[in-house]
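Chain by chain, the residues:
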Amino acid sequence: MAASVREKQTVALKRMLNFNAPPLKNTTAEPVWKVLIFDRFGQDIISPLLSVKELRDMGITLHLLLHSDRDPIPDVPAIYFVMPTEENIDRICQDLRNQLYESYYLNFISAISRSKLEDIASAALASNAVSQVTKVFDQYLNFITLEDDMFILCHQNKELISYHAINKADILDTDMEAIMDTIVDSLFCFFVTLGAVPIIRCPRGNAAEMVAGKLNKKLRENLRDARNSLFTGDNMTAGQFSFQRPLFVLADRNVDMATPLHHSWTYQALIHDVLDYHLNRVVMEEGAGPDSPPAGARPKKKNRKTFDLTAADRFWQKHKGSPFPEVAESVQEEVETYKAQEDEVKRLKTIMGLEGEDDGAISMLSDTTAKLTSAVSSLPDMLEKKRLIDLHTTVLTAVIDHIRTRKLDVYFENEEKLMSKSTLDKSLLDIITDPDAGTPEDKMRLFLIFYITAQQAPSESDLDQYKKALLDAGCDLSPLNYIKQWKAFTKMAATPANYGNSGVKPMGLLSRVMNTGSQFVMEGVKNLVLKQHNLPITRILDNLMEMKSHPETDDYLYFDPKMLRGSESSIPRNKNPFQEAVVFVVGGGNYIEYQNMADYAKSKQGKKVIYGCSELFNATQFIKQLSQLGQK
């Protein structure tokens, strides 16, 4: 898998923006100026991959939302990138009638149905614009790539395919079908873009199995239709793939309910947990600092500030998976190296001012000129570096505030102990009743993890005691109601997930580790170091990739869309270990699991793993869905 999904999706978008012709590498000619029109789905797909500057380099002077008021620009071509929904089609027909643009290139994010195509055709006929509709394309790009090895299905209507939607007690079969079709459509797009037909493995008897069956059918039908297959000929550029096909593991969120509630300790997962972070962008409110206005004064309007954490940010790429204290130290080092560079430039400037008569100064000067030239040429790099250092300093400070005020280190440490079944230093009740430790939600998360991982459920009298303490702490108990039902149901089905012997080694308090000159106030926060361990979903992946026999995964179904007679068996035809795998969690995923998979793939030589999920939620969003389910 030479190119990552992110690269492939970016290449596909660039092709589309170049009127579906491969972009030429070395031409100096100006690009054709054009307008890009997308709906919210298109916007979410493009924004993590292409910056406004890159769009401009591709000749996009203007990018507008389809449903905004747009003025006619009669002499430019327009590229549309939208979902084939009824309202979008109506709006396109309206644009044709109003003759807004010179020519229309219609690109649909996922395949458009015959009847909708006919609607567009009749509108074009009626408004005499047939010759202007230059091309209509199905792009099969209905998924959002966030990292080289991570994708989600959609960001806009994610509540339609959320954990809550799939696990509602009163869901109708037709609704369930619709949810599954939406998920399968996106996964199909994903494999078309990846350019590979996977071998599918999934557990029996849950939403993941439905998705697997439908995806297998859809891939199979596409492969049968030799003339229009998306997986043959020039679509599949040879040599991208090793001879092996990728393994596609479908997992269900219900396999592991503790991880999404877990307080995390790595940089990216922490940002996602405590700040507003989605589609690779952090939104922070400024002015929430200590300099609050005097009482009685009008509160200042908070400025919202957005930071993009991108692939180009070297510091981010290196440290997004590091434990938090390490990140703080690295930022500190970066600041110091930057200061040293800055001082060097200042020193050179002062020397330039000393134009003495003696030879020493003259020889020094010629040497200095060379140095200064190199210093000046490195200025843009230094400025960019400074911008990134400032960005990470701001984000880190915000995260540290949360850790300190909510005692997240205590939660993290205790949850790790619960998950690895070791004894707690301090009883759960003490933490729940401690008014300084965290928000009611933090307490609820800790208790749910205790409840989910406990070998036998606490006795009724204990449970009442816990409930009382939780209520006194201001918690909403409806998530617990759902988790109780869930646990009763899964107890019949399977043994509780094993979280491996994860452990944390406390390394003393951070204040000793962080040098006193540090700008981060870390007093009292524990410096915890993670031991590498696999989470349940990573363990399932490991069993299936390495073809290990394990009771957990032995009865997983095996689908191969390329086999002529499709038989659903759990007997794999392929006995060799896989080199490449895609893991997809139906019902939502999180950065803790993503990081765990990435670490697993790093530890294995030459293995590539891509992590995907139907939506990406942090614990707050997940608890909200659980409480909706518990209120029924």
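Keep in mind the model is a prediction, meaning the values are calculated, not measured. Residue numbering note: each chain is counted from 1, following its sequence as written. Totals for whole chains, interfaces and linings use every residue, but because this is a predicted model, local features are given only for residues with pLDDT of at least 70 and side-chain atom pairs only at 80 or more, for both listing and counting. Here the side-chain values reflect all heavy atoms present in the structure, with hydrogen atoms and water set aside.

1. Some thoughts on the environment of Ser322
Topologically, Ser322 is positioned in the loop between helix H10 (314-319) and helix H11 (324-353). Exposure is judged per residue with a 1.4 Å probe applied to protein chains only, and the accessible area is read against the type maximum: over 50% gives exposed, under 20% gives buried, and values in between give partly exposed. Since its relative accessible area comes to 9%, Ser322 is described here as buried. Filtering out sequence-adjacent residues up to four positions away, Ser322 remains in contact with Trp265, Thr266, Tyr267 and Val327. Numbering goes from the N terminus for both helices and strands, where a helix is a DSSP run of H or I of at least four residues and a strand is a run of E of at least two. By the convention used here, residues are in contact when the closest approach between their heavy atoms is within 4.5 Å.

2. A word on the packing of helix H1 (residues 5-17) against helix H7 (residues 173-194)
Axis definition: a line fitted to C-alpha atoms, over the contacting stretch in the case of helices. Angles run 0 to 180 degrees between N-to-C directions. In contact at an axis separation of 9 Å, H1 and H7 are set at 90 degrees when each is read in the N-to-C sense. In terms of orientation, H1 and H7 fall into the roughly perpendicular class. For the pair formed by H1 and H7, the contact residues are Val5, Lys8 and Gln9 on the first element and Phe190, Thr193 and Leu194 on the second. Here the term charged refers only to Asp, Glu, Lys and Arg, the term nonpolar to Ala, Val, Leu, Ile, Met, Phe, Trp, Tyr, Cys and Pro, and the term polar to all other amino acids, Gly among them. Across the contact of H1 with H7, the residue classes break down as three nonpolar, two polar and one charged. Convention used here: angles under 35 degrees read as roughly parallel, angles over 145 as roughly antiparallel, angles from 65 to 115 as roughly perpendicular, and any remaining angle as oblique.

3. Let's talk about the sheet that holds strand E2 (residues 60-65)
Pairing between strands is defined by DSSP: at least two bridges between them are needed. Spatial strand order, E2-E1-E3-E4-E5: five strands in an open sheet with parallel pairing. Each edge of the sheet is formed by a strand with only one pairing partner; in this case those strands are E2 and strand E5 (133-138). Each neighbouring strand pair of the sheet contributes to a mean axis angle of 20 degrees, computed without reference to strand direction. Across four bridges, the pairing between strand E1 (residues 34-38) and strand E3 (residues 73-82) is parallel. Bridge pairing links Val35 to Ala78 in E3.

4. Concerning the side chain of Asn20
Turning to its location among the elements, Asn20 is positioned in the loop between H1 and E1. Excluding residues within four positions of it along the chain, Asn20 makes contact with Arg15, Asn107, Phe137 and Gln139.

5. Quick look at the packing of aromatic side chains
By convention, a stacked pair of Phe, Tyr or Trp rings (six-membered ring in the case of Trp) has centres within 6.5 Å and planes under 30 degrees apart, an edge-to-face pair has planes over 60 apart, and any other such pair is tilted. Across all of its chains, the model carries 24 aromatic pairs by this definition. Ring centres of Phe191 and Phe248 lie 4.8 Å apart, and the angle between their planes is 80 degrees; this geometry places the pair in the edge-to-face category. Here the residue Phe191 occupies a position in helix H7, and Phe248 occupies one in strand E9 (residues 247-252), the gap between them amounting to 57 residues. Take Phe191 and Phe248: they sit in the same class, and that class is buried. A ring pair is formed by Tyr277 and Tyr591, whose centres lie 5.6 Å apart and whose planes are at 40 degrees; its orientation type is tilted. Taken as a pair, Tyr277 in strand E10 (residues 276-278) and Tyr591 in helix H21 (residues 591-603) lie far apart in primary sequence, 314 residues in all. By relative accessible area, Tyr277 is classed as buried at 4%. Of the aromatic side chains, those joined through ring pairs into one cluster are Phe143, Phe151, Phe190, Phe191, Phe248 and Phe584. For a lysine, the NZ atom is tested; for an arginine, the CZ atom; a charge sits over a ring if that atom is within 6 Å of the ring centre and within 35 degrees of the ring normal. Lying over the aromatic face of Phe19, Lys34 brings its terminal NZ or CZ to 5.1 Å of the ring centre.

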